[in-house]
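# Chain and residue survey
Take a look at the letters that make up each chain.
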Amino acid sequence: MRQFKSLFYATLFFTFIALILGGCAKPPEEEKAAAKGAMDAALAVGAQNYAPADFSTAKSAWEQAEKFMSDKKYEDAKKAYLSAKQAFDQAKVAAQTAKKAMTEEVTKAVAELEDSWKALVDKAKKVENKMKTDLDSWKADSKTFEDGLKTAKDTIATDPLKTKKKIDELKSIIEKWDAKVKELAAIPEKPAKGKKK
């Protein structure tokens, strides 16, 4: 009986120790920090805007890891954080590639836009005397265009997505006035008053 009690207490003690050690798995803080660093780096290059699908995949992996952490499923959380880090790294690279391509695209578009505006201004000068009722509107839109063009040029390197949106706004000003100038150019000149044949 004594041996039985000793065996029972020994078994109970070792079972208790096993439960404590099994339940004390450490949270994967190192993996979490690495994944967070990768997420911050992806956000810094604008991955949410330039590589939204890749960023969304990475964000889902991060959220899954966080859920595992709150459920104290540390081994699953560790794997999910590693996946999240890899996905954020991939999103960062994809964003950098997309941003570079867009920078090249908008640089070319801004130059073309500037040329189109200069050509429009030249055409507008030829019909200036027919523009009397539209002159104030032309001056206001000209200022808006010049300011917008400056903004577009200033944001090419830092935020080509913003530049792209600005280009679309400026194109609408050119289209509006190009149509108006063509309309005015089609109106025949009135003969000067007071001249007799």
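Higher on the page you've got the structure.
Everything numeric here is computed off the predicted structure, so don't read it as measured data.

Moving on, we get to the overall build of the chain. The secondary structure content of the chain amounts to 7 helices and 0 strands. Seen in sequence order, the chain has helices and strands lined up from the N terminus as α-α-α-α-α-α-α. Taking all 197 residues of the chain together, the buried fraction comes to 29%. In the chain, the proportion of contacts linking residues at least 24 apart, taken out of those at least 6 apart, comes to 78%. Summing over all exposed atoms, the chain offers an accessible surface of approximately 13,600 Å²; the carbon and sulfur share of this is 58%.

With that settled, the discussion passes to the pattern of salt bridges. The final tally for this structure, using the stated rule, is 15 salt bridges. The shortest N-O distance in the salt bridge between Asp89 and Lys85 comes to 2.7 Å. Of this pair, Asp89 and Lys85 both sit in helix H5 (residues 74–126), 4 residues apart, which is roughly one turn of that helix. A network of salt bridges, in which partner residues are shared, links Lys123, Asp178 and Lys182.

Before going further, it helps to spend a moment on the nonpolar core. Counting residues in hydrophobic clusters, the biggest one holds 45 residues, and the most contacted among them are Phe88, Met131 and Phe145. Put simply, the parts of the chain that give this core at least two residues each are helix H2 (29–44), helix H3 (47–50), helix H4 (52–70), H5, helix H6 (135–155) and helix H7 (160–186). The element that contributes the greatest number of residues to this core is H5, accounting for 16 residues. Ignoring sequence-local partners within four residues, the contact set of Phe88 consists of Ala35, Ala38, Met39, Ala42, Phe55, Ala58, Lys59 and Trp62.

Here we take up the packing of aromatic side chains. Per the counting criterion, the structure on display carries 5 aromatic pairs. These aromatic residues form a ring-pair network of at least three members: Trp117, Trp138, Phe145 and Trp177.

The end-to-end C-alpha separation of H6 is 30 Å, in line with the 30 Å expected for 21 residues at 1.5 Å each. Among all positions of H6, only Trp138, Asp141, Ser142, Phe145, Gly148, Leu149, Ala152 and Thr155 are buried. Buried residues along H6 cover an arc of 160 degrees about the axis, so they all sit on one side. Among the exposed residues of H6, those oriented more than 90 degrees off its buried face are Asp136, Lys139, Lys143 and Lys150. Contacts made by the buried residues of H6 are with H5 and H7.

Cut-off values and rules
Residues numbered from 1 in each chain as written. Predicted model: local features only at pLDDT ≥ 70, side-chain atom pairs only at ≥ 80, totals over all residues. Heavy atoms only, no water. Helix = DSSP H or I, 4+ residues; strand = E, 2+ residues; numbered from the N terminus. Buried < 20%, exposed > 50% of the residue type's maximum accessible area, 1.4 Å probe, protein only. Contact = heavy atoms within 4.5 Å. Areas by Shrake-Rupley, 256 points an atom, 1.4 Å probe, with all protein chains shown as cover. Salt bridge = Lys/Arg side-chain N within 4 Å of Asp/Glu carboxyl O. Core = buried A, V, L, I, M, F, W, Y, C linked by side-chain atoms within 4.5 Å. Phe/Tyr/Trp six-rings, centres within 6.5 Å; stacked < 30°, edge-to-face > 60°. Expected span 1.5 Å × (residues − 1). Arc of directions from axis to C-beta.

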